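# Notes for the structure review
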Amino acid sequence: MAPVTSPQPAAIENRTMTINMGPQHPSTHGVLRLEVTVDGEVVTKVKPDIGYLHRCFEKYAESLGDYAKVVPYTDRIDYVSALHQEMGYVIAVEKLLELEVPERVEYMRVILAELQRIASHLLGIGTFGLDLGAFTPFLYCFIERENILRILEKVSGARLLYNYLCVGGLMRDIPTDFTSDTWEFVTSFRPKIKELNDLLTTNSIFIDRTANIGVLPAEVALNYSASGPMLRGSGVSWDLRKNDPYSIYDRFEFNVPVGQGEMGTVGDCWDRYIVRVREMEESLKIIEQALDQMPGEGDVKEAVPRRIRSKEGEVYVRTETPRGELGYYIISEKSGPYRIKARTPSFVNLSILPAISKGALVADLVAIVGSIDIVLGGVDR
Amino acid sequence: MTTEEITEYLNREYGGNLDPTYAEAGDSWITVSPSVLREVAKTLRDDKNLQFNNLMCLSGIHYQKENELGVAYHLHSTIHDHKLVMKVRVPEDNPVVPSVESLWKTANWHEREAYDLVGITFRGHPGLLRILTPQDWEGHPLRKDYEQQESYRNVSTGI
Amino acid sequence: MGLLDKKYHDSNIIIVSLESALNWARKSSLWYEQFGLACCAIEMMATAASDYDFDRFGIIPRSSPRQADVMIVAGTVTMKMASRIERLYEQMSEPRYVISMGSCSNSGGPYWEHGYHVLKGVDKVIPVDVYVPGCPPRPEALLEGFLKLQERISNETIIEPRETEQESTEEEKEPIEVE
Ligand code: SF4
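Residues numbered from 1 in each chain as written. Chains lettered and ligands numbered in written order. Predicted model: local features only at pLDDT ≥ 70, side-chain atom pairs only at ≥ 80, totals over all residues. Heavy atoms only, no water.

As recorded by an unreviewed UniProt entry, chain C carries the name NADH-quinone oxidoreductase subunit B and is attributed to Fodinibius sediminis. Heading Subunit (unreviewed entry) of the UniProt record for chain C holds this comment: "NDH-1 is composed of 14 different subunits. Subunits NuoB, C, D, E, F, and G constitute the peripheral sector of the complex." Per UniProt, chain C carries the Sequence similarities (unreviewed entry) text "Belongs to the complex I 20 kDa subunit family." (UniProt positions renumbered as here; feature names shortened; annotations may be inferred.)

For chain B, an unreviewed UniProt entry supplies the name NADH-quinone oxidoreductase subunit C and the organism Fodinibius sediminis. UniProt's Sequence similarities (unreviewed entry) comment on chain B is quoted here verbatim: "Belongs to the complex I 30 kDa subunit family."

Moving on, we get to the overall build of chain C. Looking only at helices and strands, chain C has six helices and six strands in total. Residues classed as buried in chain C amount to 49% of the 179 residues present. Within chain C, counting contacts between residues at least 6 apart in sequence, those at least 24 apart form 79% of the total. About 8,600 Å² of surface is accessible on chain C, with carbon and sulfur atoms providing 52% of the total. (Helix = DSSP H or I, 4+ residues; strand = E, 2+ residues; numbered from the N terminus. Buried < 20%, exposed > 50% of the residue type's maximum accessible area, 1.4 Å probe, protein only. Contact = heavy atoms within 4.5 Å. Areas by Shrake-Rupley, 256 points an atom, 1.4 Å probe, with all protein chains shown as cover.)

Another point: the site of the ligand. In the vicinity of the ligand there are 15 residues, among which A:Arg76, C:Cys39, C:Cys40, C:Cys104 and C:Cys135 approach most closely. When contributions to the shell around the ligand are tallied by element, the ones reaching two or more residues are α2 (39-48) and α4 (102-107) of chain C. Among the elements that take part in the shell around the ligand, α4(C) stands out by supplying three residues, more than any other. Broken down by class, the residue content of the shell around the ligand amounts to eight nonpolar, five polar and two charged. (Near = heavy atom within 4 Å. Nonpolar A, V, L, I, M, F, W, Y, C, P; charged D, E, K, R; others polar.)

Taken together, four strands build an open sheet; the order of strands is β8(A)-β7(A)-β6(A)-β2(B) and the sheet is mixed. Lying at the two open borders of the sheet, with one neighbouring strand each, are β8 (336-343) of chain A together with β2 (25-26) of chain B. As defined by bridge partners, strand β6 (residues 313-321) of chain A adjoins strand β7 (residues 324-333) of chain A across nine bridges and the pair is classed as antiparallel. Residue A:Val315 lies in a different strand from β7(A), and its bridge partner there is A:Ile330. Against the sheet, helix α1 (residues 57-64) of chain A engages β7 and β8 of chain A, with an angle of about 160° to β8(A). (Pairing = 2+ DSSP bridges. Axes fitted to C-alpha atoms, helices over the stretch in contact; angles between N-to-C directions.)

Looking now at the UniProt feature "domain: NADH:ubiquinone oxidoreductase-like 20kDa subunit" (unreviewed entry) in chain C. Mapped onto the present numbering, the UniProt feature "domain: NADH:ubiquinone oxidoreductase-like 20kDa subunit" (unreviewed entry) falls on residues 39-149 of chain C. This span, residues 39-149 of chain C, is 36% helix and 14% strand, and a straight line between its end C-alpha atoms measures 22 Å.

This paragraph deals with the pattern of salt bridges. Here the structure, examined in full by the defined rule, presents 48 salt bridges over all chains. The closest approach of N and O atoms between A:Arg232 and A:Glu320, which form a salt bridge, is 3.0 Å. With A:Arg232 in helix α9 (residues 229-232) and A:Glu320 in strand β6, this pair connects stretches of sequence that are 88 residues apart. Overall, the relative accessible area of 0% leaves A:Arg232 in the buried class. Among the salt bridges present, the one from C:Arg138 reaches C:Glu140, with a minimum N-O distance of 3.1 Å. The exposure class of C:Arg138 is partly exposed, given its relative accessible area of 31%. Connected through shared salt-bridge partners, A:Glu114, A:Arg117, A:Arg232, A:Asp239, A:Arg241, A:Glu279 and A:Glu320 make up one network. (Salt bridge = Lys/Arg side-chain N within 4 Å of Asp/Glu carboxyl O.)

Per the UniProt record, "binding site: [4Fe-4S] cluster" (unreviewed entry) is annotated on C:Cys39, C:Cys40, C:Cys104 and C:Cys135. Across 97 residues, the annotated set stays spatially compact, with a maximum C-alpha separation of 9.9 Å. Sequence-distant contacts of C:Cys40, defined by excluding residues within four places in its chain, comprise C:Ala74, C:Gly75, C:Met101, C:Gly102, C:Pro136 and C:Pro137. By the secondary structure assignment, C:Cys135 is in the loop between β5 (130-132) and α5 (139-154). When neighbours within four sequence positions are excluded, C:Cys135 is seen to be in contact with A:Arg76, A:Leu161, C:Ser103 and C:Pro110.

Omega for the peptide link from C:Glu94 to C:Pro95 comes to -10°, which places this bond in the cis form. Along the polypeptide, C:Pro95 turns up in the loop between α3 (79-91) and β4 (97-101). C:Cys135 connects to C:Pro136 through a cis peptide bond whose omega is -10°. Along the chain, C:Pro136 turns up in the loop between β5 and α5. Of note, A:Ser247 is a non-glycine position whose phi angle comes to about 45°, a positive value.

It is worth spelling out a nonpolar patch on the surface at this point. Together, C:Leu18, C:Leu22, C:Ile158 and C:Ile159 line one region of the surface with nonpolar side chains, adding up to about 420 Å² of accessible area. When you line up the elements, C:Leu18 lands in helix α1 (residues 18-28). (Patch = residues over 30% accessible without salt bridge, like charges linked within 9 Å, V, L, I, M, F, W, Y side chains within 5 Å.)

With that out of the way, let us pick up α1(A). Of all eight residues that make up α1(A), seven are buried, and the element is covered over most of its length. Within the sequence span of α1(A), burial applies to A:Phe57, A:Glu58, A:Lys59, A:Tyr60, A:Ala61, A:Glu62 and A:Leu64. Taken together, the buried residues of α1(A) touch α2 (71-75), β7 and β8 of chain A together with α3 (107-117) of chain B. Looking one or two residues beyond α1(A), the residue adopting positive phi is A:Gly65, at roughly 75°.

Turning to the packing of helix α5 (residues 136-156) of chain A against helix α6 (residues 178-201) of chain A, a few remarks are in order. All names here are of chain A. Axis separation between α5 and α6 bottoms out at 10 Å; the angle between their running directions is 165°. It follows from the interaxial angle that α5 and α6 lie roughly antiparallel. You can see that α5 and α6 cross each other, and the crossing is left-handed. Between α5 and α6, the residues in contact are Pro137, Tyr140, Cys141, Glu144, Asn147, Ile148, Ile151, Lys154 and Val155 and Phe178, Asp181, Thr182, Phe185, Phe189, Lys192, Glu195, Leu196, Leu199 and Leu200, respectively. Grouping the amino acids of the contact of α5 with α6 by side-chain chemistry returns 12 nonpolar, two polar and five charged. (Parallel < 35°, antiparallel > 145°, perpendicular 65-115°, else oblique. Left-handed = near helix turned anticlockwise from the far one by under 90°.)

What follows is about the interface of chain A and chain B. The partner chain B presents 43 residues to the 40 residues of chain A that form the contact. Buried surface at the junction of chain A and chain B, both sides included, amounts to about 3,500 Å², of which 54% is carbon and sulfur. Here chain A is connected to chain B by seven salt bridges. One can count 21 residue pairs in polar contact (both at pLDDT 80 or more) joining chain A with chain B. Sorting the residues of the side of chain A that touches chain B by element identifies α1, α3 (82-97), α8 (218-223), β6, β7, β8, α12 (345-350) and α15 (376-380) of chain A as the ones contributing at least two each. The greatest single-element share of the side of chain A that touches chain B, amounting to five residues, is contributed by β6(A). The class makeup of the residues in the side of chain A that touches chain B is 15 nonpolar, seven polar and 18 charged. As judged from the two bridges shared by β6(A) and β2(B), these two strands associate in the parallel manner. Looking at β2(B), one finds that A:Gly313 is bridged to B:Ala25. (Buried area = accessible area lost by both parts, 1.4 Å probe. Polar contact = N/O pair within 3.5 Å; in protein donor to acceptor, adjacent residues only side chain to side chain.)

A separate point is the nonpolar core. Within the largest apolar cluster, 198 residues are counted, with the highest numbers of intra-cluster contacts made by A:Tyr79, A:Tyr89, A:Tyr328, B:Leu44, B:Tyr73 and C:Ile85. At 14 residues, helix α4 (residues 103-131) of chain A tops the list of elements feeding residues into this core. Those residues in contact with B:Leu44 that sit more than four places away from it in its chain are B:Ile6, B:Leu10, B:Leu50, B:Gln51, B:Phe52, B:Leu75, B:Leu84 and B:Met86. Residues C:Tyr32, C:Ile99, C:Met101 and C:Phe146 belong to the second largest nonpolar core, which totals 21 residues. (Core = buried A, V, L, I, M, F, W, Y, C linked by side-chain atoms within 4.5 Å.)

Spelled out as structure tokens, the structure:
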């Protein structure tokens, strides 16, 4: 009888698996698709696939042939912070045309931009909590956000996409009760930040899910040209409002919060989150100062040109949006805009994702994407 | 440093013959030829007095009148806090520009975008694929002579 | 004693036609697919959040198309996304409804002219029940859209089931427009 040989145990195969996250996924903040290669539960590679919301902004900007007509389209680049997109654009065109803007308009723009920054951060924080399973903070954030939207609606007539700023001024006059409304909001909102901190910031589940996750070292962030809370979360104090002031930001006192690794490592998801929370307080400070200093009288349409006479040349103007550096690169000809490129912070910040999610768990990937706080309209344009 | 000072510095230290261009309004820029682009870029990043560690923006441009394509690099140094605009131009029928991805990682997606929308090929890029439009899209939309395709995968793109 | 002679007034039995019972159940728990595309999705989120509160109509977000009754196409549909929308629609189980929210998904909206990558109307790929105009529609408009959809559902009959196949919808179905 032939000897019985025991069968060799087959070598355990170690295979990686590719899974697909999105474009329809509740925590990708829109239509982002991630091709994730996983080894068990550990992410070994992430390939973002974008473009599901590519709306041809740049083609529009050069086809419309008029600088004023582009403003509504800039709104739609990053719809969560529409006023910032407008502001960057009108500043760029004003720089190109060498227009002087009245004081009152400048103050108004700053106040509106800071209100919008708070609204945008509230949305970012709320949905970040939602991604990690905390539903209640989302509702609280939205109550406050609605309060801001009510002010903005009174001013501009729209809730989300305002089309309120125009080259050289504002579309319509400022309502009389704007100042009192804003004061009321500022006083009522301060204590709410503390409430939010109690709900989320020091929540131990939240800390467990965000501290030491998705650590972004400062050199990597700079090499990728990250900006906004993404860069400041890594401990780099860089804010265009301070470092390269535009509009009238050099007149205000405020701090630039940076990540310090209080709960884990510098540059983790928690740091990026806390930078946003603290920035809201700084924005309140700016609003208060601006409200105090704003001239009460003045025509907001004084400097608005009847017809924009285009010049030959080009400018690159960057401004600080809630997500980071928004740059407009405008090449202008005598006949109008020749090429307008929007360099959006979401696009650049998202390109870091593959670098910081290696080795994370699949569930952490959700936290990392949430902490970058992308808006897909900004990524795809 | 201003653009003139930087150009002067580059010409003095490295023996180049760069010349800034001025327009009626806005920023001035320097134009370099594609053959030396990578060298210049590396110098700009690594030279002690320049240290452009931040590539703010990279855009592809179509110059229809000259039948040329171009790339504009907006550089910034967070250390010295100065800026520079650098441009490179290539003919439309052979639009090859060396990639700067290995110098500034952020160029990776920007170059893919310029490839996708304007049709510039970046030599040495690790994965030059379309980024915004689907892989089987036809044409480069930001060319001035772009004709929209009639349908994509049997769905009409018109009204 | 026969069924019809019985007195029901002191028991908790309600007699309605099967049809209206079904329709009532359907229209009072419209679970929608949580699925945002663009700017309109932010308004959809605002509608679902604290101030406008979708939940009071029994409208609850679901993350999977298989559990959803209604799909809100909230935002710009691009060519790259069109086939995905189609697939998501096919994954939903019958009866299924579609609300097209915002000018973009109605007709291409602001992107109708030079938007080479924008689908000019989601009804090119899936049938739509209610169109909500606006850019973006206010939360109230979206709520009105849902009320219209409920109206539509309450008029459904089981004898003539709703046509959902795309071929037949094109001529027969008259979409409702919210004012
Ligand atoms: S309809 Fe308007 S608000 Fe809605 S997705 Fe389109 S552009 Fe955005």
